[in-house]
Amino acid sequence: MLVGRKGGVVVSMPRAVRADLEQVFRSAYPRVVAVAARVLGSRSEAEDVAQEVFLTFGRSAVPAAEALGWLSVAAAHTALNHLRSGRRRAAREAAVRDGATSVPDVADAVVTLDERRRVRAALARLPRKQAVALVLRHSGLSYAEVAAALDLSPGSVGTTVRRAEIALREELNRHAPSE
Amino acid sequence: MRHPNDGTLRRLLDEPAGVADADRAHVADCERCKAGLAAAQRDAAAASAALDTEVTVDVDAGWQRLSTAPATRVRPSRPARRWRLRSPVVAAIGVAVVLAGASAAAAGDWLEIFRTERIAPVTAPEADLIKMPELDEFGELTPIEPVEIRQVADAAAAAQATGLTVPQVTDLPKGVSGQPTYHVGARASALFTYSAERAEQTARAKGHTLPPPPPGLDGSQFRLTAGPGLAAMWSEGRPTPGLVVVRAVTPTAYSTGVPFGTARDYLLSLPILPANVAAQLKNFSAEGTTLPLFMSVEHMKSTATDVGGVPATLLTSRDRTMAAVLWLNGNVVTAVAGPLSGDEVLAVARGLGAR
């Protein structure tokens, strides 16, 4: 809802679902889930994010040629947003951890889970552009694709990714569990 | 030669072909750059391991889920269009409020001739609504406090800027996620001076002749105010917001010494107002407390409902792609709107904290 001419309230009607949705979905869905999974560390949550992103895409007028880049960035942002509101997930993981203490066999799984939690927390603390560039690059997007998606020059993608990797290492070290 | 920067070293790991030959040659012979490259490689490998999540996807199941989601059920394609609620400010600063204003005002003082106590839909075919004149076709409209909307950091800043309680959405509708952005506008006001000459020009341009205006109307002034107001918008990753919650102080109109009943009857009788709109406005113009909400009968439907026991108006688009619910609490109007179903906007409205 926007304030329109002379202060009136103007509401945009959503567009009808685009005709190429299925075609784009079938080719881009694995990539979109993979991007979200790198952020969230969970397939089911990544699938939820992918659904959300394709719902939005379905009503958008994004040109088909730019669809993959647009979807990848939207998946990274949406997943990072989910991290911010991730208290429920943290609670769920804690519940799994508590349950696991009585089952020594899954001790490894608990370690993995804790490691994942620390990675998600570190990602959530990175500057948004760095986090998105990092996730997109590690999801297999080329420098040119990351540059186009984030409106960066290809030359600065390397710098942004490098800074993100340093920041991720520092964040993980800072919050490393004390042995 | 200058050492290549960290970004270039990083790219050398992934896309050596994207790095200039001179840089590649330099790195091969430079101990410092080789150490930098090794450090970049360690960090890249660590990040890759940290982010790696094995995922196998079922595209068919994913498509099945998406294609049966309510929002993507196939609808006939049609060009995007916009509908306008000519309120609150347009209507307030528009003909409608002036027309709906009831009491006459004494000379010399600003007297309140209109305040919003009720919102009522005025439905008409879209073609008629397009024909509705804007106020500046009847005179001079001068902004005193112009409409200025700006984004603020958070709900607390929105509350502080407007003095309004910010509604808290507890459960977002399916498909809407993330944090809202907050936008505020200070009180807006404008001065309208009726001009018989301008009105005459407007009428002539539309092929009509106006009867002579009643004495005193030419040059008489109205002051119209609305706001402050705030909006919370959920639009992450979307071309249009997925949910909007708006709260604002409702419009008020003041007049200096116009025999208002006469003026209103005159304006409502003008041939340039669509007859069906004029007839609906006449129905509640005597009260001076009803804000008309113009909507096209082809696209929108209004239903009386309630939010927390307060009477509310639910607007839904006939193609079920858009819904809004509005209600008044004192002189404050709250609206919840979005590309959602009527039930969804009602659920958000009824679940609002600080209602």
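Within every chain, residues take consecutive numbers counted from 1 along the sequence as written. Written order decides the labels, with chains lettered from A and ligands numbered from 1. Since the coordinates come from a predicted model, pLDDT governs what is reported: local features require at least 70, and pairs of side-chain atoms require 80 or more to be given and counted, while whole-chain, interface and lining totals use all residues. Side-chain descriptors were evaluated using all non-hydrogen atoms of the structure, hydrogens and water having been removed beforehand.

J.: So what's going on with the overall build of chain B? Residues and values would help.
T.: Secondary structure summary: chain B contains 12 helices and 16 strands in total. Of all 355 residues assigned to chain B, the portion counted as buried reaches 49%. In this analysis, two residues are considered to be in contact whenever any of their non-hydrogen atoms come within 4.5 Å of each other. Counting contacts in chain B only where the partners sit at least 6 residues apart, residues at least 24 apart contribute 71% of the total. Each accessible area is a Shrake-Rupley result for a 1.4 Å probe, and residues are judged covered by the shown protein chains and nothing else. Summed over its atoms, the accessible surface of chain B is roughly 16200 Å², and 52% of this surface lies on carbon and sulfur atoms. Only runs of H or I of at least four residues qualify as helices and only runs of E of at least two qualify as strands under DSSP, and these elements are numbered from the N terminus. When accessible area is computed with a 1.4 Å probe and restricted to protein chains, residues below 20% of their type maximum are described as buried, those above 50% as exposed, and intermediate ones as partly exposed.

J.: Give me the pairing of strand β6 (residues 181-185) of chain B: which residues, what numbers.
T.: Two faces belong to every sheet, and in a regular strand the side chains alternate between them. All names here are of chain B. Within β6, four of the five residues are buried, which leaves it mostly tucked inside the rest of the structure. Paired strands are those between which DSSP finds at least two bridges. Here strand β5 (residues 149-152) pairs with β6 via four bridges, running antiparallel. Note on β6: the bridge partner recorded for Q151 is H183. In this structure, β6 lies alongside strand β9 (residues 229-234), joined through five bridges in antiparallel fashion. In the sheet register, H183 faces β9, and the bridge partner there is A231.

J.: Give a description of the packing of aromatic side chains that names residues and reports values.
T.: Residues and elements named next belong to chain A. Within 6.5 Å between ring centres, the rings of Phe, Tyr and Trp (the latter by its six-membered ring) count as paired, and their orientation is classed by plane angle as stacked under 30 degrees, edge-to-face over 60, tilted in between. Applying the stated criterion across every chain, the model contains six aromatic pairs over all chains. The interplanar angle of 25 degrees and the centroid separation of 4.5 Å between the aromatic rings of F25 and Y29 together place this pair among those described as stacked. Of this pair, F25 and Y29 both sit in helix α1 (residues 21-40), four residues apart, roughly one helical turn. Each member of the pair, F25 together with Y29, is buried. Measuring from ring centre to ring centre gives 5.8 Å for F57 and W70, while their planes differ by 50 degrees; the resulting arrangement is tilted. Residue F57 is located in helix α2 (residues 43-58), and its partner W70 is located in helix α3 (residues 67-84); the two are separated by 13 residues in the primary sequence.

J.: Before we move on, could you go through the sheet that holds β9(B) and cite the residues and values that matter?
T.: Residue and element names in this part refer to chain B. Taking strand neighbours across the sheet as the criterion, the eight strands line up as β5-β6-β9-β10-β16-β15-β14-β13 in an open arrangement whose pairing is antiparallel. The open sheet has two free edges, formed respectively by β5 and β13 (300-307), since each of these has just one partner strand. Adjacent strand axes in the sheet meet at a mean angle of 20 degrees when their direction is disregarded. Here the axes come from fitting lines to C-alpha atoms, over the contacting stretch only for helices, and the angles between their N-to-C directions go from 0 to 180 degrees. Where helix α8 (residues 155-162) meets the sheet, it contacts β5, β6 and β9, and its direction lies at approximately 5 degrees from that of β6.

J.: Before we move on, could you go through helix α8 (residues 154-174) of chain A and cite the residues and values that matter?
T.: Expected helix span is taken as 1.5 Å per residue step, with the number of steps being one fewer than the number of residues. Across its 21 residues, α8(A) extends 31 Å between first and last C-alpha, which sits within 8% of the 30 Å expected from 1.5 Å per residue. Those residues of α8(A) that fall on the buried side of the exposure criterion are V157(A), G158(A), T159(A), T160(A), V161(A), R162(A), A164(A), E165(A), A167(A), L168(A), E171(A) and L172(A).

J.: Any details on the pattern of salt bridges? Residues and values, ideally.
T.: Within this document, salt bridges are pairs made up of a side-chain nitrogen of Lys or Arg and a carboxyl oxygen of Asp or Glu, the two lying within 4 Å of each other. In this structure the tally under the stated criterion is 17 salt bridges over all chains. Between E165(A) and R10(B) there is a salt bridge whose closest N-O contact spans 2.7 Å. Of the two residues, E165(A) is situated in helix α8 and R10(B) in helix α1 (residues 6-14); the pairing between them involves two chains. Of the two residues, E165(A) and R10(B), both sit in the buried class.

J.: Go over the nonpolar core, please, and point to the residues and values.
T.: General note: in soluble globular proteins, nonpolar side chains tend to be found buried as a group. Only buried residues count toward a nonpolar core. Its members are Ala, Val, Leu, Ile, Met, Phe, Trp, Tyr and Cys residues joined through side-chain atoms within 4.5 Å. Grouped together as the largest cluster of nonpolar side chains are 58 residues, with contacts concentrated most on V39(A), F54(A), L71(A), L123(A), L134(A) and L136(A). Other than its neighbours up to four places away in sequence, V39(A) contacts A76(A), A79(A), L80(A), L83(A), R120(A), L123(A) and V135(A). Formed by 28 residues, the second largest nonpolar core is a distinct cluster that contains Y182(B), A232(B), V332(B) and L340(B).

J.: Account for the confidence of the model for chain A, with residues named and values stated.
T.: Residue and element names in this part refer to chain A. Averaged over every residue, the pLDDT of chain A is 76; the share at 70 or more is 71%. The quantity known as pLDDT measures the predictor's confidence residue by residue, on a range of 0 to 100. Ranking the elements of chain A by mean pLDDT puts strand β1 (residues 2-3) last, at 32, and α1 first, at 93. For the stretch residues 1-15, pLDDT sits under 50, and the model shows 56 contacts to residues farther than four places along the chain or on other chains.

J.: With reference to specific residues and values, describe the state of the cysteines.
T.: By definition, a disulfide links the sulfur atoms of two cysteines through a covalent bond. Pairs of cysteine sulfur atoms within 2.5 Å are identified as disulfides in what follows. One pass over the structure, following the stated rule, counts zero disulfides over all chains. Here C30(B) stays unpaired: no disulfide links it, and the sulfur of C33(B), its closest cysteine neighbor, is 3.6 Å away.

J.: Account for unusual backbone geometry, naming residues and giving values.
T.: A cis amide bond links G227(B) with the next residue in sequence, P228(B), at an omega value of 5 degrees. Here P228(B) lies in the loop between β8 (221-226) and β9. Positive phi values are uncommon outside glycine, yet D151(A) reaches one of about 60 degrees. Looking at the secondary structure, you find D151(A) in the loop between α7 (143-150) and α8. Given a relative accessible area of 71%, D151(A) falls into the exposed group.

J.: Explain the environment of M300(B) to me, using residue names and the numbers behind them.
T.: You can see M300(B) is positioned in strand β13. For the pair M300(B) and R318(B), spaced 18 residues apart in sequence, the C-alpha separation works out to 5.5 Å.

J.: Give a detailed account of the packing of α1(A) against α2(A), specifying residues and quantitative values.
T.: Residues and elements named next belong to chain A. One can describe the packing of α1 onto α2 by two numbers: an axis separation of 8 Å at closest approach and a directional angle of 140 degrees. Compared by their axis directions, α1 and α2 come out oblique. The two elements α1 and α2 cross, and the hand of that crossing is right-handed. Here L21, V24, F25, A28, Y29, V32, V33, A36, A37 and L40 of α1 come into contact with α2, specifically with E45, A46, E47, V49, A50, Q51, F54, F57 and G58. Under the scheme applied here, ten amino acids are nonpolar (Ala, Val, Leu, Ile, Met, Phe, Trp, Tyr, Cys and Pro), four are charged (Asp, Glu, Lys and Arg), and all others, including Gly, are polar. Across the contact of α1 with α2, the residue classes break down as 15 nonpolar, two polar and two charged. Any angle from 65 to 115 degrees is called roughly perpendicular, while one under 35 is roughly parallel, one over 145 is roughly antiparallel, and all others are oblique. Rotating anticlockwise by less than a right angle from the far helix to the near helix defines a left-handed crossing, while the corresponding clockwise rotation defines a right-handed one.

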